[in-house]
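Fold and geometry: a report
Given next are the chains, with one letter for each unit.
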Amino acid sequence: MPQITIVGAGLIGLSCAWRAQMSGWDVTIIDRQFDGDRASHGNAGGIAVSESTPMAIPGFSLKVARWLLDPLGPLSIRPAHAFKLLPWFIAFNQVNKPENFKRLSFALASLNNRVYDDFLPMLKDLGISDHLHRRGALTVYESERSFQSEAAEWAWKRELGVKWRAVSRDEIRVLEPNLAPLFSHGLMIEDWGHINDPKKIVEALRSAIISRGAILIPGEVARLDLSNRSQPAAIHVNGKRIAGDKLLVANGAWAGRLAATVGDRVLIESERGYNTTLPDESRRLHREVIFADRKFVATPLQVGLRIGGAAEFAGLDAPPNYRRSDALMRLARRYIPGMSEQGAQQWMGNRPTTPDSIPVLGPSPQSPNLLYAFGHGHLGLTQAATTAAIINDLICENPTMDLSEFSVARFGKAA
Ligand SMILES: Cc1cc2nc3c(=O)[nH]c(=O)nc-3n(C[C@H](O)[C@H](O)[C@H](O)COP(=O)(O)OP(=O)(O)OC[C@H]3O[C@@H](n4cnc5c(N)ncnc54)[C@H](O)[C@@H]3O)c2cc1C
């Protein structure tokens with residue numbers, strides 16, 4: 001049987017492992033900590049299929065300055081990291097040129113518009129179809145002005161295939177009676193869903209691939225190795241070289257470091273997000289609510305109401321700053337009054353974020369046997385099963401999609 005080695009056992013690596021096994025591949029998967037925490041465990045649990053515009057929407061740069069000055073604002077950059085962030089930020093600033101924005105939106109929509117076609121069969125096979133709740137998401141605005149400020153983006157999203165409808169102040173009260181009466185305008189995003197608990201999906205995937213014969217190797221992959229032409233693609237882990245027919249790098253925010261070991265340049269940052277889960281409040285809301293003015297969300301997961309968001313750029317190694325979770329909770333108390341905070345759990349995770357919000361999917365220019373699947377930013381749960389289907393098509397040499405927008409080559413060569 002053909003053999004694939006996968007680096008990273010988050011949602012992306014595990015989904016790709018699951019899909020490759022379905023096509024008859026032997027899977028070896030390596031993670032430095034199979035039971036450790038990761039972005040895939042604690043995220044907001046949203047199947048956010050409407051998020052088909054890059055983060056750098058037109059006008060975003062002007063907002064950045066305002067947000068950076070606001071202690072409760074959604075964005076922060078640690079001064080010690082600002083210089084390292086510069087190349088990423090310069091690339092980010094190119095995205096909102098109209099021609100780039102349009103092209104990248106189409107690329108994102110080409111993934112998001114097929115998400116349920118890939119996600120539903122995966123949940124079914126894992127025996128957890130009932131973990132998905134397709135009740136839409138409600139975006140709420142505090143004023144006509146803030147609603148109008150996003151009108152052009154929503155009109156564009158409709159052209160991309162997103163289904164939404166405007167919701168009045170009164171309907172917001174009916175849909176989510178536990179929200180404070182502060183919201184004048186809303187949008188119901190029909191196709192959005194949420195799941196019971198992202199960690200449960202990680203666990204179900206891991207159990208499934210183990211039961212189907214995957215080999216799990218704990219260890220930190222130090223580098224990739226394409227030097228031996230007779231053993232196509234290899235990694236170095238625990239002082240050993242492990243080779244396979246195909247090698248897939250799917251280690252999230254850390255992937256740039258590994259790609260660099262074979263000369264592939266990647267612009268990727270850890271966009272650190274924070275949340276707080278309130279275990280007694282899983283029924284406070286009916287669906288995910290997106291607070292548009294403050295850029296945070298609340299999702300009624302089975303494990304509790306998860307309140308989160310924020311984008312902090314501080315690199316991969318800085319300790320968490322839970323004052324960001326505190327700031328979100330201060331806002332949430334105003335918007336969702338009366339919540340019990342007993343047993344509240346704070347969390348931070350590393351979103352693997354590229355400047356153009358497009359994941360890296362496809363082969364390395366160095367070798368068709370080395371594949372990449374990382375950089376899913378805010379959408380790794382949403383796009384996991386779709387990523388797995390695309391990677392499966394590649395390893396089975398049956399590509400069904402033009403992946404040029406997703407190529408690592410867009411970042412240029414390593415210096
Ligand atoms: C606050 C927050 C909210 C979010 N909300 C949503 C949401 O609602 N919907 C959505 O779709 N997405 C959401 N996301 C994004 C989503 O969680 C991520 O995009 C996704 O989890 C990325 O998965 P991954 O497998 O690429 O990375 P990870 O989950 O980070 O997994 C990477 C794995 O690689 C391993 N690893 C790293 N380097 C090495 C190495 N050198 N050797 C061996 N192993 C290594 C790590 O141990 C880890 O297990 C959110 C993220 C955050 C932080």
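Below you will find a few notes about this structure. Worth saying up front: this structure is predicted, and the values here are computed from it rather than measured. Along each chain, numbering runs from 1 in the same order as the chain's sequence is written. Restriction of local features to residues with pLDDT of at least 70 applies here, the model being predicted, together with a cutoff of 80 or more for giving and counting side-chain atom pairs; totals for whole chains, interfaces and linings are based on all residues. Calculation of side-chain values draws on the structure's entire complement of heavy atoms; hydrogens and water are dropped beforehand.

1. Here's the deal with the overall build of the protein chain
Rule in force here: Secondary structure elements follow DSSP: runs of H or I no shorter than four residues count as helices, runs of E no shorter than two count as strands, and numbering proceeds from the N terminus. We take the radius of gyration over the C-alpha atoms and set the globule estimate at 2.2 Å times the residue count to the 0.38 power. Each residue is assigned to one of three classes by its accessible area relative to the maximum for its type, calculated with a 1.4 Å probe on protein chains only: buried under 20%, partly exposed between the two thresholds, exposed over 50%. Calculation of accessible area relied on Shrake-Rupley with a 1.4 Å probe; when residues are assessed, cover is drawn exclusively from the protein chains displayed. In this tally Asp and Glu are treated as negative and Lys and Arg as positive; neither His nor the chain ends contributes. The location of each charge is read from NZ of Lys, CZ of Arg, CG of Asp or CD of Glu.
Each helix and strand counted, the protein chain has 13 helices and 21 strands in total. Taken over C-alpha atoms, the radius of gyration comes to 21 Å for the protein chain, in line with the 22 Å a tight globule of 415 residues would show. By principal-axis analysis of the C-alpha atoms, the protein chain measures approximately 65 × 45 × 40 Å. By residue count, 60% of the 415 residues in the protein chain fall in the buried class. Carbon and sulfur atoms make up 53% of the accessible area of the protein chain, which amounts to about 17,200 Å² in all. Taking the 47 positively charged and 42 negatively charged side chains of the protein chain as two groups, their mean positions are separated by 3 Å.

2. Focus on the site of the ligand
Just so we agree on the cut-off: Only a single heavy atom is needed: when it lies within 4 Å of a molecule or strand, its residue is near that molecule or strand. Distance and chemistry together define a polar contact, namely a pair of N or O atoms within 3.5 Å, with one atom able to donate a hydrogen and the other to accept it when in protein, and with adjacent residues in sequence counting only for side-chain atoms on both sides. In this count, Pro and Cys sit with the nonpolar residues alongside Ala, Val, Leu, Ile, Met, Phe, Trp and Tyr, while Asp, Glu, Lys and Arg are called charged and the others, Gly among them, polar.
As a matter of local geometry, the ligand sits amid 32 residues, with D31, R38, S40, H378 and T382 nearest to it. Here an oxygen atom of the ligand sits 3.0 Å away from a polar atom, N or O, in the side chain of N43. When the ligand is considered free in solution it has 1,000 Å² of accessible area, and contact with the protein chains removes 96% of it. Of all the elements in the fold, those that place two or more residues in the shell around the ligand are α1 (11-22), α2 (39-42), β15 (269-278), β19 (345-353) and α13 (380-395). No other element matches β19, which puts four residues into the shell around the ligand. Its residues assigned to classes, the shell around the ligand shows 11 nonpolar, 16 polar and five charged.

3. Quick word on the packing of helix α6 (residues 115-126) against α13
Put simply, the rule reads: Inter-axis angles, ranging from 0 to 180 degrees, are taken between N-to-C directions of lines fitted to C-alpha atoms, where helices are fitted over the stretch in contact. Our angle categories are set so that under 35 degrees counts as roughly parallel, over 145 as roughly antiparallel, 65 to 115 as roughly perpendicular, and the remainder as oblique. Should any heavy atoms of two residues lie within 4.5 Å, those residues are considered in contact.
Here α6 crosses α13 at 85 degrees, and the two axes come no closer than 8 Å. Taken together, the axis directions place α6 and α13 in an arrangement best described as roughly perpendicular. Of α13, the residues touching α6 (which contributes V115, D118, F119 and M122) are L381, T382, A385, T386 and A389. Residues that form the contact of α6 with α13 fall into these classes: six nonpolar, two polar and one charged.

4. A short note on the state of the cysteines
Counted only if it meets this: Criterion for a disulfide: a pair of cysteine sulfur atoms at a distance within 2.5 Å.
Using the criterion set out here, one finds zero disulfides in the structure. The cysteine C16 is free of any disulfide, with C396 supplying the nearest cysteine sulfur at 12 Å.

5. Digging into helix α8 (residues 151-160)
The cut-off we apply is this: Here, the arc refers to the directions that run from the helix axis to the C-beta atoms.
Among all positions in α8, only E153, W154, W156, K157 and L160 are buried. Along the long axis of α8, the arc covered by the buried residues comes to 160 degrees, so they all point the same way. More than 90 degrees from the buried face of α8, the exposed residues found are A152 and E159. Elements that come into contact with the buried residues of α8 comprise α5 (98-112), β6 (137-141), β7 (164-167) and β8 (185-189). One or two residues past the end of α8 sits G161, with phi positive at roughly 110 degrees.

6. Here's the deal with the nonpolar core
Under the convention used in this document: We define a nonpolar core as any set of buried Ala, Val, Leu, Ile, Met, Phe, Trp, Tyr and Cys residues linked to one another through side-chain atoms lying within 4.5 Å.
Core analysis: the largest hydrophobic core is formed by 102 residues, its most contacted members being F119 and Y372. No other element matches the eight residues that α13 contributes to this core. One finds I172, V289, L328 and M329 within the second-largest nonpolar core, a separate group that totals 26 residues.

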